[in-house]
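What follows is the residue order along each chain.
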Amino acid sequence: MITRAAAAAAADSVNSESSKYPIILNANPILTDLKPDGTDDDTKLIKRVQGWKISEIDTEIIESGFLNSFLKKFCEKVGVPVNNQSANDSITTSCLMLEKCAGFIGKDVSSLILEASIRLEIWEVLRTSVEKRVVCKDLIENLVKKRRSDLLCLCIKHVADIQSSDLVSIFKYFLTPPKGSRDATMNQFSNLLMIAYYGFTSSELCLHYLFASSNLDQLTFSYCLLRLSGTEMLSLIKYLGKWLKKYEKFPQAAPCPRAAKKLGYEEDSGI
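For every chain, the first residue of its written sequence is number 1, and the numbers climb from 1 along that sequence. Local features in a predicted model are, by the rule used here, given only for residues with pLDDT of at least 70; side-chain atom pairs are given and counted only at 80 or more, and totals for whole chains, interfaces and linings are based on all residues. Just so you know, side-chain values use all the structure's heavy atoms and leave hydrogens and water out.

(A) Focus on helix α8 (residues 149-158). With a 1.4 Å probe rolled over the protein chains alone, any residue whose accessible area is under 20% of its type maximum counts as buried; one over 50% counts as exposed, and the rest are partly exposed. Note on conventions: DSSP H or I runs of at least 4 residues are helices, E runs of at least 2 residues are strands, and numbering of each starts at the N terminus. Counting buried positions over the 10 residues of α8 gives eight, a clear majority of the element. Buried within α8 we find Ser-149, Asp-150, Leu-151, Leu-152, Cys-153, Leu-154, Cys-155 and Ile-156. Note on contacts: a residue pair qualifies if any of its non-hydrogen atoms lie within 4.5 Å across the two residues. The inward-facing, buried residues of α8 contact α6 (123-131), α7 (139-146), α9 (164-175) and α11 (202-212).

So, in structure tokens, the structure goes:
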């Protein structure tokens, strides 16, 4: 693909509207970094390689022009007004346009935008997409691999119908958080207060979102518990124990049917 694109560029201008390859990748650093992964048999003619990575220059080119160009044309087609004067950079411009036209973009195209955002680590675009409830296949799995606690919390808050297997992955991730994970809560004063006063860790605060999510019903929670390891189960018990200690300080707390009725809740909901 890279070789054909370079050959096409020699015959046709890259900036031409008729060009099939609007972005030409520099093949030299990509191909020279590819190494055998060592898992294949030496007798095989075709061997697996690893180390595929787009250069920083090519990444900047893609970030600056490709998504902006697509979203601008799409907004024009669906009649959504675009005002780029308030944006200071291309990523901000993409996010502003995505906020306006996300509801009109098809599922397949939205998935491609999300997958590209994950691979190129354009987290602002991904954040905007999730807030608009636009998701793609393996989104949770990829965010776990990238250790993006902040975006995982965002998915829990905004995405409906999260798969049970993904909920298990989220439980495992927050119960035994890996080193180097991006903290999702330390920049909020209220969360800092909860950490200092109640003793919750930043990862345990992320569990608050999970337990408050409509995705986690009784059946799904039982499914998740069965798939936790001993270490993860111990972390969960410690987390729930902190809640018990918290409510021990308020022994007068009890269900209030009168308040539940005024707020529109069922009397047997435990509120």
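(B) The nonpolar core, seen in detail. Leu-126, Leu-139, Leu-143, Phe-171 and Phe-174 are the most contacted members of the largest nonpolar core, which has 36 residues in total. Only α5 (107-120), α6, α7, α8, α9, α11 and α13 (230-248) provide two or more residues apiece to this core. Top contributing element to this core by residue count: α9, with seven residues. Setting aside residues up to four positions removed in sequence, Phe-174 forms contacts with Ser-149, Leu-152, Cys-153, Ile-156, Ser-203, Cys-206 and Leu-207. Counting 15 residues, the second largest nonpolar core, distinct from the first, contains Ile-91, Cys-101, Ile-113 and Ile-122. The term nonpolar core refers to a set of buried residues drawn from Ala, Val, Leu, Ile, Met, Phe, Trp, Tyr and Cys, joined through side-chain atoms within 4.5 Å.

(C) Spotlight on the state of the cysteines. Disulfide: a pair of cysteine sulfur atoms within 2.5 Å of each other. Following the criterion strictly, the structure yields zero disulfides and no others. The cysteine Cys-153 is free of any disulfide, with Cys-206 supplying the nearest cysteine sulfur at 3.2 Å.

(D) Inspection of the side chain of Thr-128 at higher detail. The residue Thr-128 is located in helix α6 in this model. Apart from residues lying up to four places away in sequence, Thr-128 is in contact with Cys-95, Leu-98 and Glu-99.

(E) Just the pattern of salt bridges, in detail. Salt bridge criterion: a side-chain nitrogen from Lys or Arg within 4 Å of a carboxyl oxygen from Asp or Glu. Summed over the entire model, instances satisfying the criterion amount to six salt bridges. The residue Lys-146 makes a salt bridge to Glu-121 at a minimum N-O spacing of 3.2 Å. Pair noted here: Lys-146 is in helix α7 and Glu-121 is in the loop between α5 and α6, with a separation of 25 residues, a long-range link. In this structure Glu-121 comes out as partly exposed when scored by relative accessible area, which is 42%.

(F) Inspection of unusual backbone geometry at higher detail. Within the chain, Arg-133 stands out as a residue other than glycine whose phi angle is a positive 60 degrees. With respect to the helices and strands, the residue Arg-133 is situated in the loop between α6 and α7. On the accessibility criterion, Arg-133 (56% relative accessible area) is exposed. Of note, Asp-138 is a non-glycine position whose phi angle comes to about 65 degrees, a positive value.

(G) The arrangement of the packing of α8 against α11 in detail. Geometry is summarised by axes, namely lines fitted to C-alpha atoms with helices restricted to the contacting stretch, and by angles between N-to-C directions that run from 0 to 180 degrees. Their axes nearest at 9 Å, the elements α8 and α11 cross at an angle of 20 degrees. By the criterion of interaxial angle, the relationship of α8 to α11 is roughly parallel. In this structure, the crossing between α8 and α11 has a hand that is left-handed. Along its contact with α8, which presents Cys-153, Ile-156 and Lys-157, the element α11 presents Cys-206, Tyr-209 and Leu-210. Gly is put with the polar residues, along with every residue not named as nonpolar or charged; the nonpolar set is Ala, Val, Leu, Ile, Met, Phe, Trp, Tyr, Cys and Pro, and the charged set is Asp, Glu, Lys and Arg. Partitioned by chemical class, the residues of the contact of α8 with α11 number five nonpolar, no polar and one charged. Any angle from 65 to 115 degrees is called roughly perpendicular, while one under 35 is roughly parallel, one over 145 is roughly antiparallel, and all others are oblique. The crossing is said to be left-handed when, going from far helix to near helix, the turn is anticlockwise and less than a right angle, and right-handed when the turn is clockwise.

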